[in-house]
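# Observations on chain architecture
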Amino acid sequence: MKLIGALSGARQDPPPTWLMRQAGRYLPEYRELRAQARDFIDFCLRPDLAAEATLQPLRRFPLDAAIVFADILLIPYAAGAGVRFAVGEGPRMDAQDTRVKIDGLDWGAVAAGLAPVCETISRVREDLPDDKALIGFAGGPWTVATYMIGGGKDPDRWRARTLAWREPETLAALLDGLVEATASYLTAQARAGADALKLFDSWSEALPEPLFERVVIEPTARIVALLREAGVEQPVIGFPRGAGNLAARYAVETGVDALALDMTNASPAFLHLLPPGFPVQGGYDPALLAAGGPAFETEVERLIDVTASRPYVFNLGHGITPDTPVENVARLVGLVTGTR
Ligand code: CP3
């Protein structure tokens, strides 16, 4: 598997390629499949539908990896936080912003509640050719906590950040629960057949260094340690989106095997801060993918150039947006993989 080669330290040419949010609403066949489920959570927890959604982008494009169709908010859903996805509104849940509410969460229910995701993984692994990798994932504890504390999307993560300073023990209790639940969930995904694992810490931005250490680095390091203690050998990709130069500390101190880059970090000035040979992934602007135009191809070349001294996995710096033309995705994947 090309992806596992790169994540294990071997540069490949052309680079293994997959795209964040490669399954989803920009694909007409996804929208059609999605209409068969009552709501988004129901869709994620139906292995027949979720397995098909996982495979859809690989039927169209010569990608090197599939990522299991699921969501980072399934853990709070299964722990009883009342997660719902209303159409056009984004995620909502009951705000978990007091010690009493956090102590009332049922972390023990997560494994059984999310068993369908592992079933999706087994089914996809069975259908996928041997050279294609299957990626399992979860949210980073801080990012998931920001949604839980805010009761949904929390602009500037204000509610989570103020709780972090005002009641550090309350936040610690929430992060502790998330660390344990996430490590068990990812262990189950690895045992079900995931070849690599990814932690999406999408809201790592704008944190002062001491807070970044406490809420991003330290919980992530505990998850990686718990995975290794459980005997999970699959490589782990970490994505501390928006962390700026702190992403270099994250890469070294958490024990992840590879760093997913946002747009800003795909630069020589940043990459210089990483240990030689540390594998990286990503960086291509999803807005450029949506827009097309003259920079479309030169940006691919730039990313391949700036990462020349280390293993690189081609990917975006954040997820594909629903308005992206399918033909642009075909063009990008074709360009990178050399198939057209
Ligand atoms: O193809 C893939 O990448 C796999 C599937 C995947 C989804 N969500 C499906 C999804 C993955 C890896 C995620 C991760 C995720 N979910 C993140 C981290 C990555 C990132 O983008 O920063 C975050 C922050 C979430 C939380 C989340 N889920 C939000 C904010 C939303 C609403 C967004 C919107 O535009 O409505 C979701 C819903 C969601 N997750 C959709 C999909 C395809 C859209 C819902 C639908 O199809 O009805």
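Right, let's walk through the structure included here. (Residues numbered from 1 in each chain as written. Predicted model: local features only at pLDDT ≥ 70, side-chain atom pairs only at ≥ 80, totals over all residues. Heavy atoms only, no water.)

## Considerations on the overall build of the protein
Condition: Put simply, DSSP H or I for four residues or longer makes a helix, DSSP E for two residues or longer makes a strand, and each gets a number counted from the N terminus. The globule rule used for comparison is 2.2 Å times the number of residues to the exponent 0.38, while the radius of gyration itself is calculated over C-alpha atoms. Summary of the burial criterion: residues with accessible area below 20% of their type's maximum are buried, those above 50% are exposed, and those between are partly exposed, where the area comes from a 1.4 Å probe applied to protein chains only.
For the protein, the count of helices and strands is 17 helices and nine strands. Against the globule reference of 20 Å for 340 residues, the protein gives a C-alpha radius of gyration of 19 Å, in line with a compact fold. Based on the C-alpha atoms only, the size of the protein along its principal axes is roughly 55 × 45 × 40 Å. Across the 340 residues that make up the protein, the buried fraction comes to 58%.

## Focus on the pairing of strand 5 (residues 196-201)
As a reminder of what qualifies: For two strands to be treated as a pair, DSSP must find at least two bridges joining them. Crossovers are described as right-handed under a simple rule: with the strands pointing away from the observer, the path leading from the first strand over the helix to the second runs clockwise.
Within strand 5, six of the six residues are buried, which leaves the element mostly enclosed by the surrounding structure. The side-chain alternation of strand 5 yields two buried faces, one formed by Ala196, Lys198 and Phe200 and the other by Leu197, Leu199 and Asp201. Pairing of strand 4 (residues 133-139) with strand 5 involves five bridges; the strand directions are parallel. Residue pairing for strand 5: Ala138 is matched across the bridge by Leu199. Bridge count for strand 5 against strand 6 (residues 236-240) is five bridges, and the pairing is parallel. Across the sheet, residue Lys198 finds its bridge partner in strand 6, namely Ile237. Chirality of the crossover, the property in question, places the unit of strand 5, helix 12 (residues 209-229) and strand 6 among those that are right-handed.

## Points about helix 10 (residues 158-166)
This is how it is decided: Read the arc as the range of directions from the helix axis to the C-beta atoms.
Taken together, the buried positions of helix 10 are occupied by Ala160, Leu163 and Ala164. End-on view of helix 10: buried residues confined to an arc of 105°, all on one side of the axis. Residues of helix 10 that are exposed and angled more than 90 degrees away from the buried face: Trp158 and Arg166.

Keep in mind these values describe shape, not function.
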